[in-house]
Amino acid sequence: MAAAAVATVASPSPASRRLLPSSSSSSASAAPSLPRLPRPARRLRGALRLISATAAAAGGEADVLPGPGGEAEAPVPVPGRLEEPLEEPLGGSQLDIGGLAFQGDVGGGFGGGGAGSGGGDGNKALDRGINTAIVLGASTYALTKLLTVDQDYWHGWTIFEILRYMPEHNWSAYEEALKANPVLAKMMISGVVYSLGDWIAQCYEGKPIFDFDRARMFRSGLVGFTLHGSLSHYYYHVCEALFPFKDWWVVPAKVAFDQTIWSAIWNSIYFVVVGFLRFESPTTIYSELKSTFLPMLTAGWKLWPFAHLITYGVIPVEQRLLWVDCVELIWVTILST
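Residues numbered from 1 in each chain as written. Predicted model: local features only at pLDDT ≥ 70, side-chain atom pairs only at ≥ 80, totals over all residues. Heavy atoms only, no water.

Going by an unreviewed UniProt entry, the chain carries the name Peroxisomal membrane protein 2 and comes from Urochloa decumbens. According to UniProt, the comment filed for the chain under the heading Sequence similarities (unreviewed entry) is "Belongs to the peroxisomal membrane protein PXMP2/4 family." (UniProt positions renumbered as here; feature names shortened; annotations may be inferred.)

Pasting the structure below:
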């Protein structure tokens, strides 16, 4: 009986086996049940690690509290804090005020952003004002000198009489200036013509009438005043000495000499002097002269031979430069461009 009872207790019946779970199955089911419970926490921990790594890569600092495990534990976000987006800014500047990021062109509405454009507009307006003052001042002075040539004899004159005698008396004043100081008078005429020619060239290139380059116009006028007027005065006298004949072939010979020897000399002088006034190196000046010498010489043949038929066939020696300077308004425009 005792042995049977022991055997009964040691080996339960099949029915009791079905009712009582076996220890092996309970232990097998209990062992994996413990790690399955924190699986959502592991997912959350992995997500937090990914967010922290992304924030560190973006240069931001996450407001976190360390867990019990120190650095090994995952950071726990502080409740009540709105998470900032982790996307990189698409463009523009970023202003951080009190932890809030404002993205865009922040400086556009402040004084620093508008100072550059305002300064450029101010300089442009100043240049335009100076150019306007130069043009209006020079025009007013020239018109005043032309209209008041008979100022000492106006007593009792009518407006009709002033306008009637004004061209004739201005021409007489020009001839008197040529007799008193011919070189200076021709230098002044050439300086004015070369300045006007360069101004016309700049307007022809597309610049507004008062947005011209003053330095460029000054260089051209300086070359006309210092070199063209004086050299042309002596050149026409030398040309008359080289061809003192009165035959019909003298005029074509003077035109041919003018458009070969003198044109080559003067075009070279013009480009070299203007290059030095622009502070260019001799190498650059030589390359520019070399590339433009023949084109400029042949371009002159389209204009000057016809004009010089009048210069050497009709115009007296002392008046030739005035006629040539009138044609120079077209030629200096070609030279300047």
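*Asks:* Let's hear about the overall build of the chain: which residues, and what values?
*Replies:* The secondary structure content of the chain amounts to 12 helices and 4 strands. The long-range fraction of contacts in the chain, counting pairs at least 24 apart against all pairs at least 6 apart in sequence, stands at 63%. Split by element, the accessible area of the chain, about 22,300 Å² in all, is 68% carbon and sulfur. (Helix = DSSP H or I, 4+ residues; strand = E, 2+ residues; numbered from the N terminus. Contact = heavy atoms within 4.5 Å. Areas by Shrake-Rupley, 256 points an atom, 1.4 Å probe, with all protein chains shown as cover.)

*Asks:* So what about the packing of aromatic side chains? Which residues, and what values?
*Replies:* Tallied over the full model, the rule gives 13 aromatic pairs. Here the aromatic rings of Trp-266 and Tyr-270 are separated by 6.4 Å at their centres, their planes lie at 55°, and the arrangement is tilted. Separated by 4 residues within a single helix, Trp-266 and Tyr-270 lie in helix α9 (residues 250-277), roughly one turn from each other. The residues Trp-266 and Tyr-270 share a single accessibility class, namely buried. Members of the aromatic cluster, connected to one another through ring pairs, are Tyr-235, Tyr-236, Phe-243, Phe-257, Trp-262 and Tyr-312. (Phe/Tyr/Trp six-rings, centres within 6.5 Å; stacked < 30°, edge-to-face > 60°. Buried < 20%, exposed > 50% of the residue type's maximum accessible area, 1.4 Å probe, protein only.)

*Asks:* Tell me about a nonpolar patch on the surface, residues and numbers included.
*Replies:* A cluster of nonpolar residues, Leu-143, Leu-146, Leu-147, Ile-159 and Leu-163, forms a patch on the protein surface that exposes about 490 Å² of accessible area. Element by element, the count of residues in the nonpolar patch is highest for helix α5 (residues 111-147), at 3 residues. In this fold, Leu-143 is placed in helix α5. (Patch = residues over 30% accessible without salt bridge, like charges linked within 9 Å, V, L, I, M, F, W, Y side chains within 5 Å. Salt bridge = Lys/Arg side-chain N within 4 Å of Asp/Glu carboxyl O.)

*Asks:* With reference to specific residues and values, describe helix α6 (residues 159-180).
*Replies:* If you check α6, its first and last C-alpha atoms are 30 Å apart, about what 22 residues at 1.5 Å a residue would give, namely 32 Å. Where α6 bends most, at Met-166, the angle is about 40°, and the proline Pro-167 comes one to four residues later. Every buried residue belonging to α6 is among Ile-162, Met-166, Asn-170, Tyr-174 and Leu-178, and all of these are buried. (Expected span 1.5 Å × (residues − 1). Bend = angle between axes of the 7 residues up to and from the residue.)

*Asks:* Describe in detail the pattern of salt bridges, supporting the description with residues and values.
*Replies:* Per the stated rule, a full pass over the model turns up 9 salt bridges. Among the charged side chains, a network of salt bridges with common partners joins Asp-198, Glu-205 and Arg-216.

*Asks:* For empty space enclosed by the protein, give the residues involved together with the corresponding values.
*Replies:* Evaluated as defined, the whole model comprises 1 cavity of 30 Å³ or more. Here the largest cavity defines a volume of roughly 180 Å³. In terms of lining, the largest cavity is formed by 17 residues, of which the most central are Trp-262, Ser-263, Trp-266, Trp-304 and Glu-328. When contributions to the lining of the largest cavity are tallied by element, the ones reaching two or more residues are α8 (214-242), α9, α10 (282-300), α11 (304-313) and α12 (320-336). The dominant element in the lining of the largest cavity, judged by the number of residues it contributes, is α9, at 6 residues. Residues that form the lining of the largest cavity fall into these classes: 8 nonpolar, 7 polar and 2 charged. (1 Å grid on protein atoms, 1.4 Å probe; cavity = no way out; pocket = protein on both sides within 12 Å on 5 of 7 lines; lining within 4 Å. Points joined across faces, edges and corners; volume = space filled by probe spheres on them. Nonpolar A, V, L, I, M, F, W, Y, C, P; charged D, E, K, R; others polar.)

*Asks:* Let's hear about the nonpolar core: which residues, and what values?
*Replies:* Generally speaking, nonpolar side chains in soluble globular proteins are found buried as a group. If you look at the biggest cluster of nonpolar residues, it comprises 22 residues, and the most contacted ones within it are Tyr-235, Tyr-236, Trp-266, Tyr-270, Trp-304 and Tyr-312. Broken down by secondary-structure element, the contributors of at least two residues to this core are α8, α9, α10, α11 and α12. Looking at this core, the element that brings in the most residues is α9, giving 7 residues. Within the second largest apolar cluster, 5 residues are counted, among which are Tyr-174, Ala-185, Ile-189 and Val-193. (Core = buried A, V, L, I, M, F, W, Y, C linked by side-chain atoms within 4.5 Å.)

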